[in-house]
Amino acid sequence: MKTYLALVEKDPDSAFGVTFPDIPGCFSAADNADGIVANAIEALRLWAEDMPIPAPSSHGVITRKSDVQAALRDGAYLVAIPLIDKDAEVVRANVSFERGMLRAIDETARQRGLTRSAFLASAARREIERADR
């Protein structure tokens, strides 16, 4: 998994604007603060589907950029946005759970029409991409 820094800016009469200093042209917006990370994750994921994506720069490299420094001085801030690599190869993994937990996982997956693997992958993705990390 890679993590990219995104610059969040907001003017008084506008939505939150999100740009990626490492990826010119990749941007997002959110009407409220709660949507910033989720919308940025989606924008980054969509960009990575169609465009080559560079390796993420370090915090130090990003904050040394003059345009980022100017934005930060004007009230912008940086957030870390995770990007889970799109790799369709399925691999087998052996994991262990308490018996009661496994029953709960299987029951919930069945209720949602999912396999155990699909349910666990979905839950893991949600946890990794959670905005309140």
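From a predicted model like this one, the values you see are computed outputs, not experimental measurements. (Residues numbered from 1 in each chain as written. Predicted model: local features only at pLDDT ≥ 70, side-chain atom pairs only at ≥ 80, totals over all residues. Heavy atoms only, no water.)

**Q** Provide a residue-level description of the nonpolar core, including the pertinent values.
**A** Grouped together as the largest cluster of nonpolar side chains are 18 residues, with contacts concentrated most on Val 18, Phe 20, Leu 44 and Ile 81. Contributions of two or more residues to this core are made by strand E1 (2–10), strand E2 (16–19), helix H1 (36–50) and strand E4 (77–83). The dominant element in this core, judged by the number of residues it contributes, is H1, at six residues. Not counting residues within four places of it along the chain, the set of residues in contact with Phe 20 comprises Tyr 4, Leu 5, Ala 6, Cys 26, Ala 40, Leu 44 and Ile 81. With six residues, the next largest nonpolar core counts Leu 5, Ile 62, Ala 71 and Ala 76 among its residues. (Core = buried A, V, L, I, M, F, W, Y, C linked by side-chain atoms within 4.5 Å. Buried < 20%, exposed > 50% of the residue type's maximum accessible area, 1.4 Å probe, protein only. Helix = DSSP H or I, 4+ residues; strand = E, 2+ residues; numbered from the N terminus. Contact = heavy atoms within 4.5 Å.)

**Q** Describe the sheet that holds strand E3 (residues 27–30), naming the residues involved and giving the relevant values.
**A** On the basis of which strands lie adjacent, the open sheet formed by four strands has the order E3-E2-E1-E4 and antiparallel pairing. Strands at the two margins of the open sheet, each flanked by one partner only, are E3 and E4. Averaged over neighbouring strand pairs, the angle between their axes works out to 30 degrees when direction is ignored. Sheet topology note: the E1/E2 ladder contains four bridges and is antiparallel. If you follow Lys 10 over to E2, its bridge partner there is Phe 16. Lying on the sheet, helix H3 (residues 66–73) is in contact with E1 and E4; it crosses E1 at an angle near 50 degrees. (Pairing = 2+ DSSP bridges. Axes fitted to C-alpha atoms, helices over the stretch in contact; angles between N-to-C directions.)

**Q** Give a detailed account of the pattern of salt bridges, specifying residues and quantitative values.
**A** Counting across every chain of the model gives three salt bridges. A salt bridge links Arg 45 to Glu 129, with the shortest nitrogen-to-oxygen separation between them at 2.8 Å. You can see Arg 45 sitting in helix H1 and its partner Glu 129 sitting in the segment after helix H5 (116–128), a full 84 residues away along the chain. Assessed through its relative accessible area of 31%, Arg 45 is described here as partly exposed. Under the relative-accessibility criterion, Glu 129 is labelled buried at 15%. Here Arg 116 makes a salt bridge to Asp 106, at a shortest N to O gap of 2.7 Å. Here Arg 116 is found in helix H5, whereas its partner Asp 106 is found in helix H4 (residues 99–111), with ten residues between them in sequence. Owing to a relative accessible area of 39%, Arg 116 belongs among the partly exposed residues under this scheme. (Salt bridge = Lys/Arg side-chain N within 4 Å of Asp/Glu carboxyl O.)

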